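Report on the structure
One-letter residues, chain by chain:
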Amino acid sequence: MHNLAQLVFNGLFVGSFYALVALGYSMVYGIIKLLNFAHGDIYMLGAFAGLTTLSLGSGALGGGFLALLVIMLVAMLATGTFGVVLERVAYRPLRNAPRLSVLITAVGASFALEYGIAVAYGPNPRVYQIGVSGGAFEFAGARLTYAQLAMMAVAVVLMVALDALVRRTRTGRAMRAVALDPKACLLMGINVDRVISRTFFLGSALAGAAGVMAGAYYGKVDFLMGFTIGLKAFTAAVIGGIGNMRGAVLGALVLGLLESFGVALFGSQWRDVFAFAFLILFLTLRPTGLLGERVTERV
Amino acid sequence: MVMNNELPTPSGEVGEEASAYARAVDERGQANVALAGHGVGRPRARLAGALSAVLASRWLGAVVAVLAVALPLLNADTYLIRIATDALIFVMLAVGLNIVVGYCGLLDLGYAAFFAIGAYTSGVLATKFGWPLLATAPVVVVAAVAGGLLIGGPTLRLRSDYLAIVTLGFGEIIRITANNLDFTGGPNGLYGIPDFGDFGLRSDIAIYWVTAVVVCVAVLFASRLGRGKLGRAWRFVREDEDAAEAMGIHTYKVKFAAYIAGAVFGGLAGVLFAAHQTAISPPSFNFLWSALILMAVVLGGMGSTPGVVVGALAISLLPELLRGAENWRYLIFGLLLIAVMIFRPQGLLPARTGEPKPRRRFGRAARKPSEVEA
């Protein structure tokens, strides 16, 4: 168990989950400088949207990996739409308000989302009835399951697609422009509100995909599952340099690896302490992150 | 007018500009606070203004304090005393968080961490080393300050958003650590924590009285802290950090002071909590607590001591009235948090803005004779 290859693989696997969530965090922060506390809960919402789809259409879909992909698409649409609504209802009215107000609103949104799901689905963990266990094989002394590999592949495909979207399409160019200077964008005829909505859609959809995968992999979901991963995703975004998308992925993989080795050293009950202590350490030593640039506050 | 301009400078001819500068320096602090003191959002409604004026009168505060202390004489029902003690401890937490969030505008999402540090420090010293509970209070203060230094040190230099999420992480670190260590009792926690001594009274009433006195002093202290020089600096930093820095306020130090003050309040509330509960365990200090304290501060009115006290009483007593349906309650709290921020960001009972009235009157009175002379 404690061989190096296994630890590295576990770290990369967990890191790819973190990356999907961290991307949304980082994108939203990059564009409107908002810490969307509810982002981890959108991940949770994705898992529950998947659960509902699964219970509604399990007969038609069957089990297996194809079903998982369909469920994931539905959940991504649902969480993406929810992200847009959340931005419209809770964040847009406060765009010019003091930063503290927006942060508190985000906490309220997170709280409402968690306990809304607790009301709707009951507070106890729910079982995810989809079989993605499959077989396993050995590689360089590490035990890999096909399900893990497939999920990592899906995550990589999503990340590459997002990267291409941001770097090569008109929407992506508008997003980067808004991140740079929203006022100038307004003058240049970019519909800033629409760009922000799209950003929320993309970020939330990715988090939703991660939620479905986590549900399928761990076999159960509960309404507080987004809390810790939201914090971890933020940690990953900070490690990579918040606002920087490739940085977020890098940070997530680094965090996954660190956790994997930390667990091997100290035991799994210290996993979260290790991750958050690392966040504090990182903010002390290099607050701009690995790939971030030094940001000067403009008045 | 001309005379008026020359009057403040004894040297007369040296120049108008010099005198204007000197006057500006003289009045700088107050002028800025008058600007900074305006509410966070739109102008507040007249009714709420009148209500908060009533609430801010010191007589009302005194009456409430006397009522709080006299409660066991009026009705010594065990259940009533228990929930009243809980409510008072919650008031202390809310007032402490108000220093950080309300006065200084720093969002602390892991306030329960300091509460936990206080409760566990005094609990461990009292149960494992046999210290009397009162003797643990200084150690608790030191521990809370140390925790504040550890978290505030690196993060207060950064943007305020970072502080929010780092404190959230810190809250989890403390809770998980308490859960994992042996000397904190692991998941079972600590039990058999002694009280402060019963002074020949029924033990719950003795604890109630200690709590009531400590909380009254704490509320008074926090409210006076907010009105002093440091309080003005806090509000200035809250309204505009860059402007505050440009005016010569050491924003890092000022923010640190707020954070440490909040930590000490939280720690001492933890001691009271440990004495009251006699048993503490990690789940008592989860994020829910931090969120509820924040809720009390935001709902009552950030920066307004009477508002925060009322908010804390409401948040801690409502569950007693609405038993069951917890998830619904938290769902409504979350939605309320959003609604308050959008429609009434200053809270239900906002702070009165500007300088306290008496001082302004004295200022005018002092200036008048000189105008007459001129």
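Because the structure is predicted, anything quoted here is derived from the model rather than measured.

Time to look at the overall build of chain A. Helices and strands together make up the secondary structure of chain A, namely eleven helices and four strands. A principal-axis box enclosing the C-alpha atoms of chain A has dimensions of 55 × 45 × 35 Å. Counting over 299 residues, chain A shows a buried share of 51%.

On to the interface of chain B and chain A. Taken together, the 38 residues of chain B in the interface contact 37 residues of chain A. Within the residue set of the side of chain B that touches chain A, elements represented by two or more residues are α7 (133-155), α8 (160-180), α13 (287-300) and α15 (326-343) of chain B. Counting residues per element, the side of chain B that touches chain A draws most heavily on α8 of chain B, at 13 residues. Grouping the constituent residues of the side of chain B that touches chain A by class yields 26 nonpolar, nine polar and three charged.

On to the pairing of strand β3 (residues 142-145) of chain A. Within a regular beta strand, the side chains point alternately toward one face of the sheet and then the other, so they alternate between its two faces. Residues and elements named next belong to chain A. As paired elements, strand β2 (residues 136-139) and β3 share four bridges and run antiparallel to each other. Bridging from a neighbouring strand, F137 pairs with L144 of β3. The loop that links β2 with its antiparallel partner β3 comprises two residues; one of these, A140, has a positive phi angle of about 55°.

Residue and element names in this part refer to chain A. Helix length check: helix α1 (residues 4-32), at 29 residues, gives a terminal C-alpha distance of 40 Å against a target of 42 Å (1.5 Å per residue), a fit within 8%. The sharpest bend along α1 reaches about 25° and sits at V21. Of all 29 residues in α1, 22 are buried; the element is thus mostly enclosed. Positive backbone phi, approximately 55°, marks K33, located one or two places after α1.

All names here are of chain B. With 77% of its residues at a pLDDT of 70 or more, chain B shows a mean pLDDT of 77. Least confident of the elements in chain B is helix α1 (residues 2-6), whose mean pLDDT is 42; most confident is helix α12 (residues 251-277), at 90. Within the model, the stretch residues 1-44 combines pLDDT values under 50 with 47 contacts to residues more than four positions away or in other chains. With pLDDT under 50 throughout, residues 359-374 is counted as low confidence; its partners more than four residues away or in other chains account for six contacts. The ipTM for the predicted assembly is 0.83, set against a pTM of 0.80.

What follows covers the packing of α7 of chain B against α12 of chain B. Residues and elements named next belong to chain B. Look at α7 against α12: their axes get within 8 Å of each other, and the N-to-C directions meet at 140°. Regarding α7 and α12, the two cross each other, and that crossing is right-handed. Note on element contacts: α12 touches α7 through F256, Y259, I260, A263, V264, G266, G267, L268, G270, V271 and A275, opposite L133, T136, A137, V140, V141, A143, A144, V145, G147, G148 and G152.

Conventions adopted
- Residues numbered from 1 in each chain as written.
- Chains lettered and ligands numbered in written order.
- Predicted model: local features only at pLDDT ≥ 70, side-chain atom pairs only at ≥ 80, totals over all residues.
- Helix = DSSP H or I, 4+ residues; strand = E, 2+ residues; numbered from the N terminus.
- Buried ≥ 20, exposed ≤ 12 C-beta atoms within 10 Å, placed from the backbone.
- Contact = placed C-beta atoms within 7 Å.
- Nonpolar A, V, L, I, M, F, W, Y, C, P; charged D, E, K, R; others polar.
- Pairing = 2+ DSSP bridges.
- Expected span 1.5 Å × (residues − 1).
- Bend = angle between axes of the 7 residues up to and from the residue.
- pLDDT = per-residue confidence, 0-100.
- Axes fitted to C-alpha atoms, helices over the stretch in contact; angles between N-to-C directions.
- Left-handed = near helix turned anticlockwise from the far one by under 90°.

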